[in-house]
Amino acid sequence: MHFINFGFNFVVMQSSVLLKIKKTLLLAAIIFVVAVNYCFKYSFDEQDWLAWTNRCLSQSYDPSGDTKLKKVELSVTPDYFIRLRKTYAKNRHEYFSFNLHRFNDLDYFGNTNKGTLQLKTIADDIIVQTDDIDSMTTVLNLPVKNMGPERLDSLQEALNYFKAKGL
């Protein structure tokens, strides 16, 4: 049998096995890096929660409704206390404080632009000092601004974290 050659030469090239191995290893490396990246989730530690909570409260507190207010100090301390000190004209002071292990619930009334954050304790656990008068209460109302749902949820998560740490 004879084959007739019409001037066409067909050349079949086999792809290199080495090239296929390189592609496979590159794909496996990419999949491994992505898997490792999503397997490990960064978790806030106590200092991160403390810094975030203080930043959130200081940025969100809205003193504009109280015209006689000269100075406000609002913080969460490393020993799990929320402290609010208001200074008014004529050196009149109001001071609120409670330990977060007594924290019970958080409510929010208002919209994302402006509202009231209500921190509740289990019993009369919030110390209220107004000049020479000391009393106790179960609710601390904080006027706030720019409190979106994500920020509110995150703040509640932070306060619950401190509550659990303080027990």
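First things first, this report covers the structure right here in the doc. Note that the coordinates shown come from a computational prediction; the quantities given were computed from them, not determined experimentally.

Helices and strands together make up the secondary structure of the protein chain, namely three helices and eight strands. Each helix (α) and strand (β) of the protein chain, taken in turn from the N terminus, gives the series α-α-β-β-β-β-β-β-β-β-α. Across the 167 residues of the protein chain, 28% fall into the buried class. Here the analysis covers contacts within the protein chain between residues at least 6 apart in sequence; of these, 48% occur between residues at least 24 apart. As presented, the protein chain carries roughly 11800 Å² of accessible surface, and 58% of it is formed by carbon and sulfur atoms.

Quick look at the nonpolar core now. Core analysis: the biggest nonpolar cluster contains 30 residues, and Ile82, Leu100, Leu117, Leu119, Leu140, Leu142 and Leu155 have the highest contact counts within it. Aside from chain neighbours lying at most four places away, what touches Leu119 is Ile82, Phe98, Phe103, Asp105, Leu106, Ile126, Thr138, Val139, Leu140, Leu142 and Leu159.

The next thing to look at is helix H2 (residues 46-60). An α-helix turns once per 3.6 residues; consequently, residues spaced three or four apart project the same way. Taking 1.5 Å per residue, 15 residues should reach 21 Å; H2 reaches 21 Å between its end C-alpha atoms and fits that length. Of the residues making up H2, those classed as buried are Trp49, Leu50, Trp52, Thr53, Cys56, Leu57 and Ser60.

With antiparallel pairing, five strands are arranged side by side in an open sheet as E1-E2-E3-E6-E7. Since the sheet does not close on itself, it has two edges, and those belong to strand E1 (69-76) and strand E7 (133-137), each with one partner. The average angle at which neighbouring strand axes cross in this sheet is 10 degrees, direction not considered. Bridge count between E1 and strand E2 (residues 81-88): seven bridges; the pairing is antiparallel. Directly across from Lys71, in E2, lies its bridge partner Thr87.

Sheet analysis places strand E6 (residues 126-130) next to E7, joined by five bridges and oriented antiparallel. Each residue of the ladder has a partner; that of Ile127, found in E7, is Met136.

So, on to unusual backbone geometry. Phi is positive for Lys90, close to 65 degrees, though the residue is something other than glycine. Position of Lys90 among the secondary structure elements: in the loop between E2 and strand E3 (93-99). For Lys90, a relative accessible area of 83% puts it in the exposed group. Backbone geometry places Asn146, a non-glycine residue, at a positive phi of 50 degrees. Along the chain, Asn146 falls in the loop between strand E8 (139-145) and helix H3 (149-166).

This brings us to a nonpolar patch on the surface. A contiguous nonpolar patch, built from Leu26, Ile30, Val34 and Tyr38 and spanning about 460 Å² of accessible area, is present on the exposed surface. If you trace the backbone, Val34 turns up in helix H1 (residues 17-39).

With that settled, the discussion passes to the packing of aromatic side chains. Per the stated rule, a full pass over the model turns up three aromatic pairs. Aromatic side chains Tyr80 and Phe162 sit 5.8 Å apart centroid to centroid with 45 degrees between the ring planes, which places their arrangement in the tilted category. Placement of Tyr80 in the loop between E1 and E2 and of Phe162 in helix H3 is noted, with a sequence separation of 82 residues between them. Phe162 shares its class with Tyr80; the two are buried. An aromatic cluster is present here, built from Trp49, Tyr80, Tyr161 and Phe162 joined pairwise through their rings. For Arg83, the ring lying beneath its charged end belongs to Phe81, and the centroid distance is 4.5 Å. Sitting above the plane of the Tyr88 ring, Arg92 keeps its charged end 4.7 Å from the centroid.

Calculation criteria
- Residues numbered from 1 in each chain as written.
- Predicted model: local features only at pLDDT ≥ 70, side-chain atom pairs only at ≥ 80, totals over all residues.
- Heavy atoms only, no water.
- Helix = DSSP H or I, 4+ residues; strand = E, 2+ residues; numbered from the N terminus.
- Buried < 20%, exposed > 50% of the residue type's maximum accessible area, 1.4 Å probe, protein only.
- Contact = heavy atoms within 4.5 Å.
- Areas by Shrake-Rupley, 256 points an atom, 1.4 Å probe, with all protein chains shown as cover.
- Core = buried A, V, L, I, M, F, W, Y, C linked by side-chain atoms within 4.5 Å.
- Expected span 1.5 Å × (residues − 1).
- Pairing = 2+ DSSP bridges.
- Axes fitted to C-alpha atoms, helices over the stretch in contact; angles between N-to-C directions.
- Patch = residues over 30% accessible without salt bridge, like charges linked within 9 Å, V, L, I, M, F, W, Y side chains within 5 Å.
- Salt bridge = Lys/Arg side-chain N within 4 Å of Asp/Glu carboxyl O.
- Phe/Tyr/Trp six-rings, centres within 6.5 Å; stacked < 30°, edge-to-face > 60°.
- Lys NZ or Arg CZ within 6 Å of the ring centre and 35° of its normal.

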